[in-house]
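One-letter residues, chain by chain:
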Amino acid sequence: MNNKPISPGMHGLTDYAFGLALMTVPKLLNADKRTIKIYQALAIQIFLYSAVTRQPYALMPLMPMRTHKKVDLVNLGSLALFSAYKRVRSNKHTHALNIGMTVLGLATVLLTNWKKQPYK
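Parameters and conventions
Per chain, residue numbering runs from 1 following the sequence as it is written. In view of the model being predicted, local features appear only for residues whose pLDDT reaches at least 70, and side-chain atom pairs are presented and counted only at 80 or more, with totals across whole chains, interfaces and linings using the full set of residues. Water and hydrogen atoms play no part in the side-chain values, which are based on all heavy atoms of the structure. The way it works is that DSSP assigns letters per residue, a run of H or I at least four long becomes a helix, a run of E at least two long becomes a strand, and they are numbered from the N terminus. Under the convention used throughout, the expected extent of a helix is 1.5 Å for every residue step, that is, one less than its residue count. Bend angle per residue: angle between axes fitted to the 7 residues ending at that residue and the 7 residues starting there. When accessible area is computed with a 1.4 Å probe and restricted to protein chains, residues below 20% of their type maximum are described as buried, those above 50% as exposed, and intermediate ones as partly exposed. Residue contacts are counted whenever heavy atoms from the two residues lie within 4.5 Å of one another. Only protein atoms enter the 1 Å grid used here. Points where a 1.4 Å probe fits but cannot escape make up a cavity, open sets with protein on both sides within 12 Å along at least five of seven lines make up a pocket, and a residue lines them when an atom lies within 4 Å of a point. Grid points are joined across faces, edges and corners, and a volume is the space filled by probe spheres set on the points. In the sections that follow, a salt bridge refers to a side-chain nitrogen of Lys or Arg positioned within 4 Å of a carboxyl oxygen of Asp or Glu.

Observations concerning unusual backbone geometry
Piece 1. The phi dihedral of Asn30 falls on the positive side, at around 60 degrees, and the residue is not glycine.
Piece 2. On the secondary structure map, Asn30 appears in the loop between α1 (8–28) and α2 (33–51).

Brief notes about α1
Piece 1. Taking 1.5 Å per residue as the helical rise, α1 with its 21 residues ought to reach 30 Å, and the 30 Å between its terminal C-alpha atoms agrees with that figure.
Piece 2. In the structure, α1 departs most strongly from a straight axis at Leu22, where the bend amounts to approximately 30 degrees and where the proline Pro26 lies between one and four residues downstream.
Piece 3. Turning to α1, its buried residues are Pro8, Gly9, His11, Gly12, Asp15, Phe18, Gly19, Ala21, Leu22 and Pro26.
Piece 4. Those residues of α1 hidden inside the fold are in contact with α2, α3 (65–82) and α5 (92–111).

Points about the environment of Lys86
Piece 1. Structurally, Lys86 can be placed in helix α4 (residues 86–89).
Piece 2. By relative accessible area, Lys86 is classed as exposed at 62%.
Piece 3. In sequence terms Lys86 and Gly12 are 74 residues apart; their C-alpha atoms lie 31 Å from each other.

A few points about the layout of surface pockets
Piece 1. For the largest pocket, the calculated volume is near 200 Å³.
Piece 2. What lines the largest pocket is a set of 17 residues, and nearest its centre among them are Thr14, Asp15, Phe18, Leu76 and Gly105.
Piece 3. Of all the secondary-structure elements, those providing two or more residues to the lining of the largest pocket are α1, α2, α3 and α5.

Some remarks on the pattern of salt bridges
Piece 1. In this structure the tally under the stated criterion is 1 salt bridge.
Piece 2. The closest approach of N and O atoms between Asp32 and Arg87, which form a salt bridge, is 3.1 Å. Linking Asp32 in the loop between α1 and α2 with Arg87 in helix α4, this pair joins segments that are 55 residues apart in sequence.
Piece 3. For Asp32, a relative accessible area of 24% translates into the label partly exposed.

Next up, the structure:
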C-alpha cells in the first residue's frame, strides 16, 4: 500500500504553482534578464508537460505519470545545477529561491503517489 499524501491531481496543481513561481518570482527578486529568461523557459516547459500528463487538471492527458516523474527528476537535477550558475550564485535572493524551489520540487516528487491511477 502506498501511503504517500500527494495524488496525481495534487501533483499537477503543485506543478502549475511551481511553474508560476518560476515565471514570476525571479523578476520580483531583481534577477538579471538572462537568469529570468532561463527560469521562464523552465516554467513554460513545466506548464507544457504538466498539461499533457494523465492527471485530473491536464488539458490533454496523454503522458503517463511515470514518464512525468522522470521528466521531473531531470528538471530538478537541472535546477539544482543552476545553483552553480554565476548569475544565480551572485544574487543571494535568486540563489535562495533556486535552492528552495529545488527542495520543494524534490519533496513533491518524493511525496507523490505515482502508482495511483487518476483515470481508469
